[in-house]
Amino acid sequence: PPRSTLFPYTTLFRSVFVPTGSASPDYYGGERLGDNLFADSVVALRADTGERVWHFQTVHHDLWDFDVASPPLLFDIHRNGAVVPAIAIGSKTGNLFILNRETGQPIFGVEERPVPKSDVPGEQAAATQPFPVKPAPITIQKMTTDDAWGIDEADRKWCHDEISKLRTGGIFTPPSRQGTLSMPGNVGGQNWGGMAYDPVRDLLVLPQNHIAAEARLIPRADYESLRESRGRKIDGDWEFAPQRGAPYGIMRRFLLSPKRIPCTPPPWGTLLAIQASTGEKKWEVPLGQFSPRLPAQFGSISLGGPIVTAGGLTFVASTLTPAIYAFDTETGRELWKGDLPTSGKATPMTFEGPDGKQYLVISAGGYGIPDLSPVGDYVVAFSL
């Protein structure tokens, strides 16, 4: 604003909060030892000078593609008669960090806890990782062979047998040559789109994914021949990346059964609300539908964010389902479902038109899945 305003310019200082990606290459850190400062972080900068004010790292020495993929959310916490300026940082890990946005200090506490070591020569995984005291993890962070799930006995047995071949040990178990189960997988936890805040109800509303993945390191000498023999498929089969400059390439996949159904117990995607002033979960409901042939209560992975309205509604699309939903923000009850030409991995917006009506708009671009979520370029509007 111009200096002629009633407030001195110095009182109008603002910060820019920058979420950052993981260090490269994603799954091997032997060429980048240490915590990899500022990766997987939110960095607060002075808006007028670019000076760093504070930073908070959500993952040390990332080996899992656990970058901060969603924008942080700014809100105020009201506690003990005081207003605390806060920032919520979602993560693919399923950890939700709530910090004082002026200082970067955790409001509910963060603990450094021991995590598994790497068994790969040249790799030095971080000995500890940060975990918030509150909120509790908002996705499953550990899975074993006993947790293998299937739509029938044949699928469950396949999942059980595949998981039994892998290194398991919970979140932050490093990638290995034998293959490591990653829970949550590289799609999260929380991914694109971020979360929404309802100041009247004191609720943070956010989508979460609950689907396991496998990551396997490939020695450089074996990479090309193995990649050529399997091809490159990202629809549940192997995805390859060379990790140039490192002694290992990577192959990864979501753990899907022969029927293309996740080996993780459902629901595979949910929408949940956290009481912002306490860090406690208020409600959680399945979101979307993984496939039309599966029950809606199984949910779907999500790659988009919600919005909340003053009228107490939460709107969200973002799932594999070609639809947009309205939920009661107070209770999580689904109130409405609007059909889309393909799925909308985006965040909706709402506005009042010149005719006085309120409109809801969503971009629907699809996931490139034939017969379910084909690629598209639609912008769809609804009137309320």
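First things first, this report covers the structure right here in the doc. Values in this document were obtained by computation on a predicted structure and should not be read as measured data. Every chain is numbered on its own, with residues counted from 1 as its sequence reads. Thresholds applied to this predicted model are a pLDDT of at least 70 for local features of residues and 80 or more for the giving and counting of side-chain atom pairs; totals over whole chains, interfaces and linings are not thresholded and use all residues. Only heavy atoms go into the side-chain values, all of them from the structure, while hydrogens and water stay out.

1. Concerning the overall build of the protein chain
Applied cut-off: Put simply, DSSP marks the helices as runs of H or I at least four residues long and the strands as runs of E at least two long, and each gets a number from the N terminus on. Radius of gyration: over C-alpha atoms. The globule rule applied is 2.2 Å multiplied by the number of residues raised to the 0.38 power. Type-normalised accessible area, obtained with a 1.4 Å probe on protein chains alone, sets the label of each residue: buried when under 20%, exposed when over 50%, and partly exposed for intermediate values. The contact rule is simple, with two residues in contact once any of their heavy atoms fall within 4.5 Å. Only the protein chains shown count as cover for residues, and all accessible areas are computed by the Shrake-Rupley method using a 1.4 Å probe. For this count, His and the chain ends are skipped, Lys and Arg are scored as positive, and Asp and Glu as negative. To locate a charge, take atom NZ for lysine, CZ for arginine, CG for aspartate or CD for glutamate.
Assigned secondary structure in the protein chain consists of 2 helices and 23 strands. Taken over the C-alpha trace, the protein chain has a radius of gyration of 22 Å; the compact-globule value for 384 residues is 21 Å, and the two agree within 12%. Overall, the protein chain is about 70 × 45 × 35 Å in size when its C-alpha atoms are taken along their principal axes. Looking at the protein chain residue by residue over its 384 residues, the buried ones come to 53%. Long-range contacts, defined as pairs at least 24 residues apart, comprise 58% of the intrachain contacts of the protein chain with a sequence gap of at least 6. Carbon and sulfur atoms provide 53% of the accessible area of the protein chain, an area that totals close to 17,000 Å². Here the protein chain holds 36 positive side-chain charges and 41 negative ones, and the gap between their average locations is 2 Å.

2. Description of the pattern of salt bridges
Opposite charge on two side chains permits them to pair, given that their charged atoms come into close proximity. Operational definition: Any carboxyl oxygen of Asp or Glu that lies within 4 Å of a side-chain nitrogen of Lys or Arg is treated as forming a salt bridge with it.
Enumeration over the complete set of coordinates arrives at 22 salt bridges. Residue Arg113 pairs with Glu111 through a salt bridge whose shortest N-O separation is 3.0 Å. Taking relative accessible area as the criterion, Arg113 reaches 33% and is therefore assigned partly exposed. Because the salt bridges share partners, they merge into one network encompassing Asp65, Asp67, Lys92, Glu239 and Arg252.

3. Some thoughts on the sheet that holds strand 19 (residues 323-328)
What counts is decided by this rule: Strand pairing follows a simple DSSP-based rule, namely that at least 2 bridges must link the two strands.
The strand order 17-18-19-20 describes an open sheet built from 4 strands, whose pairing is antiparallel. In the strand order of this sheet, the two ends are held by strand 17 (307-308) and strand 20 (334-339), each with one partner. In terms of strand pairing, strand 19 meets strand 20 through 5 bridges, oriented antiparallel. When the bridges of strand 20 are listed, Ala323 appears paired with Asp339.

4. Details of the pairing of strand 3 (residues 52-57)
Pairing of strand 2 (residues 41-46) with strand 3 involves 5 bridges; the strand directions are antiparallel. Following the sheet pairing, Val43 is matched in strand 3 by His55. The antiparallel hairpin formed by strand 2 and strand 3 contains 5 residues in its connecting segment, where Gly50 sits at a positive phi of about 80°.

5. Re unusual backbone geometry
Cis geometry is adopted by the peptide bond preceding Pro25, which originates at Ser24 and carries an omega value of -5°. Mapped onto the fold, Pro25 is located in the loop between strand 1 (15-19) and strand 2. Between Pro266 and the following residue, Pro267, the backbone shows a cis peptide bond with an omega angle of 5°. Position of Pro267 among the secondary structure elements: in the loop between strand 14 (248-254) and strand 15 (269-275). Look at Phe172: it is not a glycine, yet its phi comes out positive at around 70°. Tracing the backbone through its elements, the reader meets Phe172 in the loop between helix 1 (153-164) and strand 9 (180-182).

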